[in-house]
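# Structural characterization, general
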Amino acid sequence: MQVRDIYVSAPGKAILHGEHAVVHGKVALAVSLNLRTYLSLKASTDGKVCINLPNIDTFLCWDLSELKQLIPYSCGKREEAKRLDAELLRRLREFLDISNGNLDTCNMATLAFLYIYLSLFRSSELPSLKVSVWSELPTGAGLGSSAAYSVCLAAALLSVSEAIPSPLKEWDNTARWCQEDLELINSWAFQGEMIIHGNPSGVDNAVGTWGGMLRFLAGKIIPLSRVPLLRILLTNTKVPRSTKVLVARVKDKINKFPSIMTPVLDSVDAISCTCEKVLSEMTSEPITGEHYNILEELIDINQHHLNVMGVGHPALDTLCRVTLAKGLHSKLTGAGGGGCGITLLRPETDSSVVQTTAQELKDCGFDCWETSIGGPGVQQHSPLSVKEEVLEILTRY
């Protein structure tokens, strides 16, 4: 097997509308962020497989001979990614000395990498590889950083194993895989997400794979064919939160006040559907100020609903207050209780307004980026199309 250098990237995600609604059979809209995770994969001749995770200052190497011994004799086809191989996972946990109480970012990233690597090459000779990963996404902020990582791993390792062909032609800077190959990438990325999170919805890895915007309802994920590229400010309040605790809080409120909370969830569902309709219009007819007026109103209404549901936070209130003073509209994204928020920027919003708003948010102790939503999913890159500063990090070792 001849291994060629591979560069891939996948986006993070934000929930545009419908946080917590999916738990109750309502519509949620998830969108890709133009903040991406990048991965480079290179062939090696030293009889080792190595991974470098600069974001968490980790460099790890293993001899191929010791990894080969971890592969169970009973194994299915490498193309199958229906369910986790419990025996391989058990052996890897033991090999890496990972117990259930030792689930930090480094351990989970390492476990997902080795699991996908050994699963795909278990029936053939293990290739000697050097893998480096770097992300523009903060970890643990509810922006799908682990899913973007899993999507990159799946795309690169499937390509090396020749389960999917390279979509990149000599004259291309970037390229996307065909639908069938994307489905295979997504299935293996979901394996990585299950290893990292246990019981994920599948939304994050689907956004990382297909990009754009996805409609999520009753466990079904439907990529929308076209969505407008919207400018946003993305703010990380850096307030830690527990998704599990916040989901339980919403359920408790619904059980305590069903006649009050059920209409709230129905309203959030209607907001998601209305937003989807407006965004669809924006791709099929000239975009007007009225489209943005409606999106801003939906953002404000949704944020008030989320406060009613008990998933707001004073830091998120500060975000909304600071941006509204500049004529901008914000809401939380993800589980709430802290975490991140998004602020919609109109096309005519002056750069000076964006800069001063971002600075005021930073003065509040937050991290803030100007980016966009609705960008492409997983891509293969030529080195020329990777940002120079990212390429320098990926090729450092």
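For the structure, check the block above.
Procedures and definitions
- Note that residues are indexed from 1 along each chain, following the sequence as it is written.
- Thresholds applied to this predicted model are a pLDDT of at least 70 for local features of residues and 80 or more for the giving and counting of side-chain atom pairs; totals over whole chains, interfaces and linings are not thresholded and use all residues.
- The basis for every side-chain value is the complete set of heavy atoms in the structure, and neither hydrogens nor water enter the calculation.
- Secondary structure elements follow DSSP: runs of H or I of four or more residues count as helices, runs of E of two or more count as strands, with numbering from the N terminus.
- Each radius of gyration reported is based on C-alpha atoms, and the globular scaling rule is 2.2 Å times the count of residues to the power 0.38.
- Only protein chains enter the area calculation, which uses a 1.4 Å probe; residues under 20% of their type maximum are buried, those over 50% are exposed, and those in between are partly exposed.
- The contact criterion used is simple: two residues touch if any of their non-hydrogen atoms lie within 4.5 Å.
- The protein chains shown are the only cover counted for residues, whose accessible areas, like all others here, come from Shrake-Rupley with a 1.4 Å probe.
- The working definition used for a salt bridge is a side-chain nitrogen of Lys or Arg within 4 Å of a carboxyl oxygen of Asp or Glu.
- For this analysis, a nonpolar core means a set of buried residues of the types Ala, Val, Leu, Ile, Met, Phe, Trp, Tyr and Cys, connected via side-chain atoms within 4.5 Å.
- Two cysteine sulfurs form a disulfide in these notes if their separation is within 2.5 Å.
- Every angle, taken between N-to-C directions, lies between 0 and 180 degrees, and every axis is a line fitted to C-alpha atoms, over only the stretch in contact when it is a helix.
- In what follows, roughly perpendicular refers to angles from 65 to 115 degrees, roughly parallel to angles under 35, roughly antiparallel to angles over 145, and oblique to any angle outside these ranges.
- With the far helix as reference, a near helix turned anticlockwise by less than a right angle produces a left-handed crossing, and one turned clockwise produces a right-handed crossing.
- Put simply, Ala, Val, Leu, Ile, Met, Phe, Trp, Tyr, Cys and Pro go in the nonpolar bin, Asp, Glu, Lys and Arg in the charged bin, and everything else, Gly too, in the polar bin.
- Side-chain rings of Phe, Tyr and Trp, where Trp is taken by its six-membered ring, are said to pair if the distance between their centres is within 6.5 Å; with planes under 30 degrees apart they count as stacked, over 60 as edge-to-face, and otherwise as tilted.
- Polar contact is defined as a pair of N or O atoms within 3.5 Å, subject to the rule that within protein one atom must be able to donate a hydrogen and the other to accept it, and that residues adjacent in sequence are counted only when both atoms are side-chain atoms.

### A short note on the overall build of the protein chain
Looking only at helices and strands, the protein chain has twelve helices and 13 strands in total. Computed over the C-alpha atoms, the radius of gyration of the protein chain is 21 Å, within 12% of the 21 Å expected from 2.2 N^0.38 for a compact globule of 397 residues. With the C-alpha coordinates aligned to their principal axes, the bounding extent of the protein chain is approximately 60 × 50 × 40 Å. Residues classed as buried in the protein chain amount to 56% of the 397 residues present. For the protein chain, the proportion of contacts with a sequence separation of at least 24, taken over those separated by at least 6, is 77%. With the model as given, the accessible surface of the protein chain reaches about 17300 Å², and the carbon-plus-sulfur share is 52%.

### Here we look at the pattern of salt bridges
A complete count under the given rule lists 18 salt bridges for this structure. For K42, the salt bridge goes to D5, with nearest N and O atoms at 3.3 Å. Pair noted here: K42 is in strand β2 (residues 28-43) and D5 is in the segment before β1 (6-17), with a separation of 37 residues, a long-range link. The class for K42 is partly exposed, based on a relative accessible area of 24%.

### Considerations on the nonpolar core
Within the largest apolar cluster, 92 residues are counted, with the highest numbers of intra-cluster contacts made by F113, Y117, Y149 and I185. Considering each element in turn, this core owes the most residues, twelve residues, to helix α3 (residues 105-121). If sequence neighbours within four positions are ignored, I185 has contacts with V151, A154, A155, L158, I164, W177, T209 and V378. Among the nonpolar cores identified, the runner-up in size contains 26 residues, and M309, A315, A335 and F366 belong to it.

### What about the state of the cysteines?
Joining two cysteines, a disulfide is a covalent bond between their sulfur atoms. By the definition in use, this model includes one disulfide. At a sulfur-sulfur separation of 2.0 Å, the disulfide partner of C50 is C61. On the sign convention where negative is left-handed, the bridge of C50 and C61, at about 105 degrees about the S-S bond, is right-handed. Of the two residues, C50 is situated in strand β3 (residues 48-53) and C61 in strand β4 (residues 58-63); the sequence distance between them amounts to eleven residues. Take C61: its relative accessible area is 35%, and that puts it in the partly exposed class. In this model C320 remains outside any disulfide bridge; the closest cysteine sulfur is found in C364, 12 Å from its own. For C340, which is in no disulfide, the shortest distance to another cysteine sulfur is to C368 and amounts to 10 Å. Accessibility expressed as a relative area gives 1% for C340, which makes it buried.

### Quick word on the packing of helix α8 (residues 258-284) against helix α9 (residues 289-308)
The relative placement of two packed helices comes down to the angle between their axes together with the axis-to-axis distance. Close contact between α8 and α9 brings their axes to 10 Å; oriented N to C, the two are set at 160 degrees. Judged on the interaxial angle alone, α9 and α8 are roughly antiparallel. Seen from above, α8 lies across α9 with left-handed handedness. Residues M261, V264, S267, V268, I271, T274, C275, V278, L279, E281 and M282 of α8 form the contact with α9, whose participating residues are H291, Y292, I294, L295, L298, I301, N302, H305 and V308. Tallied by class, the residues present in the contact of α8 with α9 amount to 14 nonpolar, five polar and one charged.

### So, the packing of aromatic side chains
Under the counting rule described, the total for this entry stands at three aromatic pairs. Between Y117 and F121, the ring centres sit 5.5 Å apart and the planes meet at 50 degrees, which makes this aromatic pair tilted. Of this pair, Y117 and F121 both sit in helix α3, four residues apart, which is roughly one turn of that helix. Aromatic rings pair up to connect W62, F113, Y117 and F121 into one cluster.

### What about the environment of K42?
K42 sits 114 residues away from A156 along the chain, and the two C-alpha atoms are 10 Å apart. If we ignore the near neighbours within four places in the chain, the residues touching K42 are D5, Y7, S128, L129, K130 and T395. A distance of 3.3 Å separates a polar atom in the side chain of K42 from a polar atom in the side chain of D5. Here the side chain of K42 touches Y7 through a polar contact of 2.9 Å, side chain to side chain.

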